[in-house]
Amino acid sequence: MANIVSYKGFMPVGGVDQKGHGGTKAYFIPASVTNPVGVGDVVIKTNGLNAVAINGIPANTLPTCTPAVAALTTTKPTGIVVGIMPVDAYAPIEAHGKGGQNRVVFVMEDLNAEFKVRANAGKTVKVGHNADIVYAAPSLGTSSVSLAASATTATLPFRVVGVVTSPDNDASAECAEYIVRLNNSSEAQAVAGV
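Residues numbered from 1 in each chain as written. Predicted model: local features only at pLDDT ≥ 70, side-chain atom pairs only at ≥ 80, totals over all residues. Heavy atoms only, no water.

## Remarks on the overall build of the chain
Part 1 of the argument: The number of helices and strands found in the chain is 1 helix and 11 strands.
Part 2 of the argument: Ordering the α and β elements of the chain from the N terminus gives β-β-β-β-β-α-β-β-β-β-β-β.
Part 3 of the argument: Against the 2.2 N^0.38 benchmark of 16 Å for 194 residues, the chain shows a C-alpha radius of gyration of 16 Å, consistent with a compact globule.
Part 4 of the argument: For the chain, the spread of C-alpha atoms along the principal axes amounts to about 50 × 35 × 30 Å.
Part 5 of the argument: Counting the 194 residues in the chain, one finds 45% classified as buried.
Part 6 of the argument: Summarising the internal contacts of the chain: among those between residues at least 6 apart in sequence, 75% fall at separations of at least 24.
Part 7 of the argument: With the model as given, the accessible surface of the chain reaches about 8,600 Å², and the carbon-plus-sulfur share is 56%. (Helix = DSSP H or I, 4+ residues; strand = E, 2+ residues; numbered from the N terminus. Rg over C-alpha atoms; globule rule 2.2 N^0.38 Å. Buried < 20%, exposed > 50% of the residue type's maximum accessible area, 1.4 Å probe, protein only. Contact = heavy atoms within 4.5 Å. Areas by Shrake-Rupley, 256 points an atom, 1.4 Å probe, with all protein chains shown as cover.)

## Structural notes on unusual backbone geometry
Part 1 of the argument: Of note, T73 is a non-glycine position whose phi angle comes to about 55°, a positive value.
Part 2 of the argument: Take T73: it is sitting in the loop between β4 (63-67) and β5 (79-84).
Part 3 of the argument: Under the relative-accessibility criterion, T73 is labelled partly exposed at 49%.
Part 4 of the argument: Notably, C175 is not glycine yet its phi reads approximately 65°, a positive angle.
Part 5 of the argument: Locating C175 in the fold gives a position in the loop between β10 (158-163) and β11 (177-182).
Part 6 of the argument: Since its relative accessible area comes to 2%, C175 is described here as buried.

## Points about the pattern of salt bridges
Part 1 of the argument: Applying the stated criterion to the full structure yields 4 salt bridges.
Part 2 of the argument: Notably, a salt bridge pairs E109 with K25, separated by 3.3 Å at the nearest N-O pair. Taken together, the residues span a long stretch of sequence, with E109 in the loop between β6 (103-108) and β7 (113-118) and K25 in strand β2 (residues 24-29) at a distance of 84 residues.
Part 3 of the argument: Judged by relative accessible area, K25 falls into the partly exposed class, the value being 35%.
Part 4 of the argument: Among the salt bridges present, the one from E187 reaches K45, with a minimum N-O distance of 3.1 Å. Taken as a pair, E187 in the segment after β11 and K45 in strand β3 (residues 42-49) lie far apart in primary sequence, 142 residues in all. (Salt bridge = Lys/Arg side-chain N within 4 Å of Asp/Glu carboxyl O.)

## Focus: the nonpolar core
Part 1 of the argument: In this structure, F10, V42, I133, L147, F158 and V180 are the most contacted members of the largest nonpolar core, which totals 22 residues.
Part 2 of the argument: Within the residue set of this core, elements represented by two or more residues are β3, β7, β8 (130-134), β10 and β11.
Part 3 of the argument: Setting aside chain neighbours within four positions, we find F10 in contact with G40, V42, I80, F115, K116, V117, I133, V145, L147, F158 and V180.
Part 4 of the argument: By size, the runner-up hydrophobic cluster in this structure holds 10 residues, among which are Y27, V33, V105 and V107. (Core = buried A, V, L, I, M, F, W, Y, C linked by side-chain atoms within 4.5 Å.)

## Observations regarding the environment of S166
Part 1 of the argument: Looking at where S166 falls in the secondary structure, it is placed in the loop between β10 and β11.
Part 2 of the argument: When the C-alpha positions of S166 and E177 are compared, they lie 9.3 Å apart, and in sequence the two are 11 residues distant.
Part 3 of the argument: Polar contacts involving the side chain of S166 include one to the side chain of D168, which spans 2.3 Å. (Polar contact = N/O pair within 3.5 Å; in protein donor to acceptor, adjacent residues only side chain to side chain.)

## Observations regarding the side chain of S185
Part 1 of the argument: By secondary structure assignment, the location of S185 is in the segment after β11.
Part 2 of the argument: Accessibility expressed as a relative area gives 0% for S185, which makes it buried.
Part 3 of the argument: Ignoring sequence-local partners within four residues, the contact set of S185 consists of K76, P77, T78 and L111.

## Description of the pairing of β10
Part 1 of the argument: Two elements, β8 and β10, share 2 bridges in a ladder whose sense is antiparallel. By the bridge assignment, A131 is partnered in β10 with F158.
Part 2 of the argument: Two elements, β10 and β11, share 5 bridges in a ladder whose sense is antiparallel. When the bridges of β11 are listed, F158 appears paired with L182. (Pairing = 2+ DSSP bridges.)

Purely spatial values, then, with no claim about function.
Laid out in structure tokens, this is it:
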């Protein structure tokens, strides 16, 4: 059976020891960052704090980050965006993450958190390996990121730990969905794949 190809980035599915979605932290993306961000996108911690107050959050209280807009190679991701604080409650969801404005994103950086993500078309992914991302800009507030081909390289950002068990996911077909964890994170030491 062919898999439905609809890249939605990384979606949390729980953790090694629990099925909740703890381990989130608020981060600030300044207006100087012109790239959009969507739920399911990968972010990278940057140096600094929010220089301005936003949505009632005082200045100098949130760490800053930027969305990953290319393969990470050796850049260490911090986590996955699981929510975006509305800038304007009446604006559509895709407006909350658009570039060129101050944004607050909620990032899951728990090292035991697991995410499901689809392999990019034509990429071979193996459980036990590590993998990078294939970037595409978010669509309607949702990530379009997918997994690149996997390898045993320790510096790759995500460890492939399983396959999504679902009747509509065929791991032997192109664009299958996999379960991954952060591997080479800004918050942890990387390990080689098997």
